[in-house]
Amino acid sequence: MEQKRPLHPILAQADEIAERGLVVFDDIRSMPLYDEPYTTDLMTISINLSGWVKAECDMRPVVFQPHDLAVVTPHHILCARESSADYHAMIIVLSPRFQEEMKHHYPDIYHDNHHYIYRQDINLNDRQFQRIVDIFRLLRNVSREEHPRRSAMLGDLLEVLFLQLQAYRQENGIETHSPSLREGIFTSFYHAVEQHYRESREVRFYADLQHLSPKHFATIIKQQTGINALQWINSYVIIQAKSMLRHHRQMTIQEITNHLGFPDQATFSRFFKTNTGLSPTEYREQN
């Protein structure tokens, strides 16, 4: 019988992340390789110490290389394809609860650091890299303490980290990116799919939210991403379905059908098989 791959540390310690709010992993040697996309409600701040990872973020190719730092906010579509044998990274992971605390106490800092990994946040020079690694290690040490003001200290250190990154972006000539109108339309579409995919999987529904004709809307999404709007919607639904089938085995197929907003199990099964080649039951049995 084939032995299942061990869970990635971030997945294996999900309960600890939820309980403690912020956890720093300082010896990451691989990425969660499912050979398929996934989403998470965690926020991650990663610094690459050595090696590389080839991945996709929101279905766009990206290579995470030495001295790269990236902030990845929740609910984006991630898929790690391959990593080098010498890959080594440190990753700060924030639970949804801790993210809400940070939004409340540090709204400007949190808002200014919502970056997609495919817009490579920053590549650090040796001096900058060492300073950021020092801050990561300080965050790691404080995160492991039992102190009545632990959350406040971590919040202050995160503010220092983000302010330092802001300074390094300017130092390295990285200008703040002001999204174009078309980029704004895609971003709004992405957030709308995240919020409404249970209600509607129709392109017209999302075009109406943008006050655009379906044809014009579909053209913009295709131009921005290389993927048509219907593929985006269907892919997001399939990713959610796979996650539930894989990680929520206590839920029946009917319960998953209801959660995803399909009218009946037969409709969900047809949709799933059309997009994956497997029935929901077959997929669950293989995973």
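Parameters at a glance
Residues numbered from 1 in each chain as written. Predicted model: local features only at pLDDT ≥ 70, side-chain atom pairs only at ≥ 80, totals over all residues. Heavy atoms only, no water. Helix = DSSP H or I, 4+ residues; strand = E, 2+ residues; numbered from the N terminus. Expected span 1.5 Å × (residues − 1). Buried < 20%, exposed > 50% of the residue type's maximum accessible area, 1.4 Å probe, protein only. Polar contact = N/O pair within 3.5 Å; in protein donor to acceptor, adjacent residues only side chain to side chain. Pairing = 2+ DSSP bridges. Axes fitted to C-alpha atoms, helices over the stretch in contact; angles between N-to-C directions. Contact = heavy atoms within 4.5 Å. Core = buried A, V, L, I, M, F, W, Y, C linked by side-chain atoms within 4.5 Å. Salt bridge = Lys/Arg side-chain N within 4 Å of Asp/Glu carboxyl O.

A. Focus on helix H10 (residues 229-247). A rise of 1.5 Å per residue sets the reference length of H10, with its 19 residues, at 27 Å; its end C-alpha atoms lie 27 Å apart and thus fit the reference within 8%. Most of H10 is tucked away, with 14 of its 19 residues classed as buried. Here H10 starts with a cap whose side-chain oxygen sits 3.1 Å from the backbone nitrogen of Leu230, and that cap is Asn228.

B. Fine view of the sheet that holds strand S3 (residues 53-57). Judged by pairing direction, the sheet is antiparallel, and its three strands sit side by side in the order S4-S3-S6 without closing on themselves. Looking at which strands have only one partner, the edges of the open sheet turn out to be strand S4 (60-64) and strand S6 (78-83). Strand-to-strand twist in this sheet, taken as the mean axis angle between neighbours without regard to direction, amounts to 25 degrees. Two strands pair when backbone bridges link them, and S3 and S4 are joined in this way by five bridges, in the antiparallel orientation. What sits directly across from Glu56, in S4, is Pro61.

C. Expanded view of unusual backbone geometry. If you check the backbone angles, His67 has positive phi at about 70 degrees while not being a glycine. Tracing the chain through its elements places His67 in the loop between S4 and strand S5 (68-72). For His67, a relative accessible area of 17% gives the class buried.

D. Molecular detail of the sheet that holds strand S8 (residues 122-123). Overall, antiparallel pairing links the five strands, which are arranged S1-S7-S2-S5-S8 in an open sheet. Edge positions in the sheet fall to strand S1 (22-28) and S8, since each of these pairs with one other strand and no more. Where S1 lies against strand S7 (residues 88-94), five bridges are found, and the strand directions are antiparallel. The partner of Val24 across the bridge, within S7, is Ile92. Against the sheet, helix H3 (residues 96-105) engages S1, strand S2 (43-50) and S7, with an angle of about 75 degrees to S7.

E. Representation of the nonpolar core. Of all hydrophobic cores here, the largest spans 34 residues; its most connected members are Phe189, Tyr206, Phe217, Trp232, Leu260 and Phe268. Considering each element in turn, this core owes the most residues, 10 residues, to H10. In contact with Tyr206, not counting residues within four places along its chain, are Phe189, Ala192, Val193, His196, Tyr197, Ser200, Phe217 and Ile233. One finds Leu22, Val71, Met90 and Phe129 within the second-largest nonpolar core, a separate group that totals 29 residues.

F. Looking closely at the pairing of S5. Burial within S5 is extensive, with five of its five residues counted as buried. As defined by bridge partners, S2 adjoins S5 across four bridges and the pair is classed as antiparallel. Residue pairing in the sheet places Thr44 in a bridge with Val72 of S5. Bridge analysis of S5 against S8 gives two bridges, and the strand direction is antiparallel. Following the sheet pairing, Asp68 is matched in S8 by Asn123.

G. Structural context of the pattern of salt bridges. On inspection of all chains with the given rule, the structure shows eight salt bridges. One salt bridge connects Arg20 with Glu146, and the closest N-O pair in it is separated by 2.8 Å. Placement of Arg20 in helix H2 (residues 14-20) and of Glu146 in the loop between helix H5 (126-143) and helix H6 (150-171) is noted, with a sequence separation of 126 residues between them. A residue is classified by how much of its surface remains accessible, and Arg20, at 17% relative accessible area, is buried. Residue Arg29 is joined to Asp27 by a salt bridge in which the shortest nitrogen-to-oxygen separation is 2.8 Å. What you see here is one network of salt bridges that share partners, running through Asp26, Arg140 and Arg144.

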